[in-house]
Amino acid sequence: MCWQRWRTKMLRGLVTMRTLTTLALLFCLSLGLVLIQGMFEMKDRSGELNTSGTVVQLSDKHEEMNLIRQIVRRYPNISETEKTLFLSLKRADYEERRKTIVHYCRSSKQKIGEKIFNNTLVYDRVDKVSYCMIAKAASSTWSTQFINLGNPGDRIRHQYRNALQLLAPMLFPPPADPVAVWNDTTSIVVVRHPLGRLASVYQQKFVELASNAGWGRLNRRIIQMYGKGRTSEDDVPTPEEAILYVISNIESGLRVDQHWRPQHNSCPFCLMQFSIYAK
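Please read these numbers as outputs of a predicted model, since none were measured by experiment.

### Here we look at the state of the cysteines
- A full pass over the atoms with the stated rule returns 2 disulfides.
- Between Cys105 and Cys270 runs a disulfide, and the two sulfur atoms are separated by 1.9 Å. Between Cys105 and Cys270 the sulfur-sulfur dihedral comes to about -75 degrees; the bridge is accordingly left-handed. Pair noted here: Cys105 is in helix α3 (residues 80–107) and Cys270 is in the loop between α10 (239–252) and β4 (276–278), with a separation of 165 residues, a long-range link.
- Overall, the relative accessible area of 25% leaves Cys270 in the partly exposed class.
- Between Cys132 and Cys267 runs a disulfide, and the two sulfur atoms are separated by 2.0 Å. Disulfide Cys132-Cys267: the torsion about the S-S bond is -105 degrees, which places it as left-handed. Separated by 135 residues along the polypeptide, Cys132 in strand β2 (residues 129–132) and Cys267 in the loop between α10 and β4 bring together distant segments of the chain. In terms of burial, Cys132 and Cys267 fall into one category: buried.
- With cysteine numbering restricted to those in disulfides and following the sequence, the protein has the pairing 1-4, 2-3.

Structure (structure tokens):
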């Protein structure tokens, strides 16, 4: 009997929670529709938007930006006016990120983000576009775009099919003095959440490339160092073992692999500014 009463109470509780959740979702949906409808009306009052593509001063800039992002995600086939508005918001995003980085670089007592790795810089002198690549942060995607611009022959493409990040800087090598010409280009840098980046490294390099000669050799070394009695037949380190090795490699400062090198050490954030700080 006690069990039946307890079960009845639980079912009632679940029904109540489901009802409250449904009401909350309906309320949020109604509020979103009201905000969307109001935003696209032609208005000129301070604190709102008009559809001319101009951002008028708002009472809460962050709230307005979040609203626009939701609309763009929900309606991919946006008009030119909406696209202009969206791009203006992205420019504001990049400017805000730039100011944050500049402030940190000026106030930090540590000297970071000042080293230039020539093999990470891509400089298209003709199109006035430059890019600093960070491994495991869309570097394959952007390297492919520059390779397509360079239009190498099929033989070269095949030769570097697994080394896109090497080919792109070869086709578009950095200038002798990158700092002097960087601001004359549309420059791009893409960053990624450190944990997402590390998870991608583990899956692609340690797991999927376990049969590769180089990564397989590293896997066996990691298991030997941190495996605690595991057999030599194991060819993939656990996530914990891989992370212990990555931390050790970074702390040593000796030949830190680019795939987990800290992002602030991969591009000269404190030496050069970028037009686009994407993530």
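### Concerning the packing of helix α8 (residues 194–208) against α10
- One can describe the packing of α8 onto α10 by two numbers: an axis separation of 11 Å at closest approach and a directional angle of 110 degrees. Considering the angle they form, α8 stands roughly perpendicular to α10. In contact with Leu198, Tyr202 and Phe206 of α8, α10 contributes Pro239, Ala242, Ile243 and Val246.
- Here the residues of the contact of α8 with α10 are counted per class, giving 7 nonpolar, no polar and no charged.

### Things to note about helix α9 (residues 213–226)
- For α9, with 14 residues, the first-to-last C-alpha span of 20 Å sits near the 20 Å given by 1.5 Å per residue.
- The complete set of buried residues in α9 reads Trp215, Gly216, Leu218, Asn219, Ile222 and Ile223. Along the long axis of α9, the arc covered by the buried residues comes to 160 degrees, so they all point the same way. Opposite the buried face of α9, by more than 90 degrees, sit the exposed residues Ala213, Arg217 and Gln224.
- For α9, the capping residue at the N-terminal end is Asn212, with a side-chain oxygen 2.9 Å from the backbone nitrogen of Gly214.
- Looking one or two residues beyond α9, the residue adopting positive phi is Lys228, at roughly 50 degrees.

### What to know about the sheet that holds strand β1 (residues 121–124)
- Read from one edge to the other, the open sheet built from 4 strands follows the order β1-β2-β3-β4, with strand pairing classed as mixed. Because the sheet does not close on itself, it has two edges, and the strands there are β1 and β4. Across this sheet, the average inter-strand angle for adjacent strands is 15 degrees, counted without regard to direction.
- Note: strand β3 (residues 186–190) against β4, 3 bridges, orientation parallel. Bridge pairing in β4 links Val190 to Ala278.

### Points about the pairing of β2
- The pairing of β1 with β2 spans 4 bridges and is classified as antiparallel. Counted as the bridge partner of Val122 is Tyr131 from β2.
- Hairpin connection between β1 and β2: a loop of 4 residues separates the two successive antiparallel strands, and Lys128 in this loop has a positive phi of roughly 60 degrees.
- Alignment of β2 against β3, held across 4 bridges, turns out to be parallel. Considered in β3, the bridge of Cys132 is made with Val189.

### Thoughts on the confidence of the model for the protein
- When pLDDT is averaged across the protein, the result is 78; 73% of the residues are at 70 or more.
- Scored below 50 in pLDDT, residues 1–59 shows 44 contacts in the model against residues more than four places distant or in partner chains.

Conventions adopted
- Residues numbered from 1 in each chain as written.
- Predicted model: local features only at pLDDT ≥ 70, side-chain atom pairs only at ≥ 80, totals over all residues.
- Heavy atoms only, no water.
- Disulfide = S-S within 2.5 Å.
- Helix = DSSP H or I, 4+ residues; strand = E, 2+ residues; numbered from the N terminus.
- Buried < 20%, exposed > 50% of the residue type's maximum accessible area, 1.4 Å probe, protein only.
- Axes fitted to C-alpha atoms, helices over the stretch in contact; angles between N-to-C directions.
- Parallel < 35°, antiparallel > 145°, perpendicular 65-115°, else oblique.
- Contact = heavy atoms within 4.5 Å.
- Nonpolar A, V, L, I, M, F, W, Y, C, P; charged D, E, K, R; others polar.
- Expected span 1.5 Å × (residues − 1).
- Arc of directions from axis to C-beta.
- Polar contact = N/O pair within 3.5 Å; in protein donor to acceptor, adjacent residues only side chain to side chain.
- Pairing = 2+ DSSP bridges.
- pLDDT = per-residue confidence, 0-100.

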